[in-house]
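Descriptive analysis of the structure
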Amino acid sequence: MQRIAVFCGSSIGFKPDYALDAKKVGEYFAKNNIGLVYGGGKIGMMGVLADTIMENNGEVIGVIPNLLRHEEVAHTKITKMIVTKKMSKRKVKISKMVDGYIALAGGFGTLDEIFEALTLGQLGIENKPVGILNTNGFFTLTLNQLDYMVKEGFLKQSNRDMLLVSDKIEDLILKMENYQAPKMSKVVNTVASR
Ligand code: AMP
């Protein structure tokens, strides 16, 4: 795991635990020489994470679409900022640079990004590990929804199991390092089950 994309809130949440979590992840990345690739913002969870890594002499690469660059949100004190023409191009750029993906607490943007990574894995387009840090059970309701999708026949258990979960960053990274992508992609499964 040389570089990991972390998706997380442009907000900070109501409880201090969330920022603390971003800080812990940042410290872990810097200490273990894991480079961060992220949305390039200086606000919310994103800002805390990027600042912590920079303070600890780590590597932070932001990938921001032109549209957001001109807002007052782009981080100016990171290792490198890559500007893309569109939101969609930004995702492709991020995926080419990283060995895996992690989500911390966030909103729509975070969910969109982590589920896109899972979708790429499910279709066999990528086989990189995808993890969520479930500190204080922030994602437990989301995980329950995924289990319900399996129960109702909309998600294969093997694809559900692609999503790695832990409430400790060191444990999550270990799971990511040992990750084996499912052998059969969703597409192959669908064809085979006809
Ligand atoms: P959200 O979870 O809705 O707060 O969105 C955060 C995620 O979407 C981050 O992982 C970013 O990649 C992206 N994002 C959303 N808003 C911004 C912003 N203002 N600046 C940079 N990235 C953003």
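A brief report on the enclosed structure follows. (Residues numbered from 1 in each chain as written. Predicted model: local features only at pLDDT ≥ 70, side-chain atom pairs only at ≥ 80, totals over all residues. Heavy atoms only, no water.)

The subject of this paragraph is the environment of Ile64. One can find Ile64 in strand S3 (residues 60–65). Separated by 30 residues in sequence, Ile64 and Ile94 have C-alpha atoms that sit 9.8 Å apart. If near-sequence neighbours (up to four positions away) are discounted, Ile64 is found in contact with Gly39, Gly40, Arg69, Ala74, Met81, Ile82, Val83, Thr84 and Arg90. (Helix = DSSP H or I, 4+ residues; strand = E, 2+ residues; numbered from the N terminus. Contact = heavy atoms within 4.5 Å.)

This brings us to helix H1 (residues 16–31). For H1, with 16 residues, the first-to-last C-alpha span of 23 Å sits near the 22 Å given by 1.5 Å per residue. Those residues of H1 that fall on the buried side of the exposure criterion are Tyr18, Asp21, Ala22, Val25, Gly26, Tyr28, Phe29 and Ala30. Each element contacted by the buried residues of H1 is listed here: strand S1 (3–7), strand S2 (35–38), helix H2 (44–55), strand S5 (100–103), strand S6 (130–133) and helix H8 (169–177). (Expected span 1.5 Å × (residues − 1). Buried < 20%, exposed > 50% of the residue type's maximum accessible area, 1.4 Å probe, protein only.)

With respect to the helices, strands and loops of the structure, Ala30 is situated in helix H1. Sequence-wise, Ala30 and Met97 are 67 residues apart; in three dimensions their C-alpha atoms are separated by 17 Å. When near neighbours in sequence (up to four residues on either side) are disregarded, Ala30 contacts Ile53, Asn56 and Gly58.

So, about the nonpolar core. Grouped together as the largest cluster of nonpolar side chains are 51 residues, with contacts concentrated most on Val6, Phe29, Ile102 and Leu104. Excluding its chain neighbours within four sequence positions, the residues that come into contact with Ile102 are Ile4, Ala5, Val6, Phe7, Phe29, Ile114, Gly131, Ile169, Leu172, Ile173 and Met176. (Core = buried A, V, L, I, M, F, W, Y, C linked by side-chain atoms within 4.5 Å.)

As a further point, take the sheet that holds S1. Spatially, the seven strands line up as an open sheet ordered S4-S3-S2-S1-S5-S6-S7, and their pairing is parallel. Two strands bound the open sheet, and with one partner strand each, they are strand S4 (80–84) and strand S7 (163–166). Looking at each pair of strands side by side, their axes are set apart by 25 degrees on average, direction ignored. Direction of pairing for S2 relative to S3: parallel, over a ladder of three bridges. In the strand pairing of S3, Leu36 is matched with Val60. Against the sheet, helix H4 (residues 87–97) touches S1, S2, S3, S4 and S5, its axis set at about 155 degrees to S3. (Pairing = 2+ DSSP bridges. Axes fitted to C-alpha atoms, helices over the stretch in contact; angles between N-to-C directions.)

The immediate surroundings of the ligand are formed by 16 residues, with Ser10, Gly107, Gly109, Thr110 and Glu113 found nearest. At 3.4 Å, a backbone N or O of Cys8 approaches an oxygen atom of the ligand. The contact in question runs from an oxygen atom of the ligand to an N or O atom on the backbone of Phe108, over 3.4 Å. Look at the ligand: alone it shows 480 Å² of surface, and the protein chains cover 86% of it. Counting residues per element, the shell around the ligand draws most heavily on helix H5 (residues 108–122), which supplies four residues. Across the shell around the ligand, the residue classes break down as seven nonpolar, seven polar and two charged. (Near = heavy atom within 4 Å. Polar contact = N/O pair within 3.5 Å; in protein donor to acceptor, adjacent residues only side chain to side chain. Areas by Shrake-Rupley, 256 points an atom, 1.4 Å probe, with all protein chains shown as cover. Nonpolar A, V, L, I, M, F, W, Y, C, P; charged D, E, K, R; others polar.)

In this fold, Met54 is placed in helix H2. For the pair Met54 and Ser95, spaced 41 residues apart in the sequence, the C-alpha separation amounts to 22 Å. The contacts of Met54, once residues within four sequence positions are left out, are Val60, Lys77, Ile78 and Thr79.

The topology assignment puts Asn134 in the loop between S6 and helix H6 (140–151). For Asn134, the residues in contact, after removing those within four places along its chain, are Phe139, Thr140, Leu143, Val165, Ser166 and Asp167.

Let us look at the packing of H1 against H2. Where H1 meets H2, the axes come as close as 8 Å, and the angle between the chain directions of the two elements is 35 degrees. Crossing of H1 against H2: the hand is right-handed. Within the contact between the two elements, H1 uses Tyr18, Ala19, Ala22, Lys23, Val25, Gly26, Glu27, Phe29 and Ala30 and H2 uses Met45, Val48, Leu49, Thr52, Ile53 and Glu55. Split into classes, the residues belonging to the contact of H1 with H2 amount to 10 nonpolar, two polar and three charged. (Left-handed = near helix turned anticlockwise from the far one by under 90°.)

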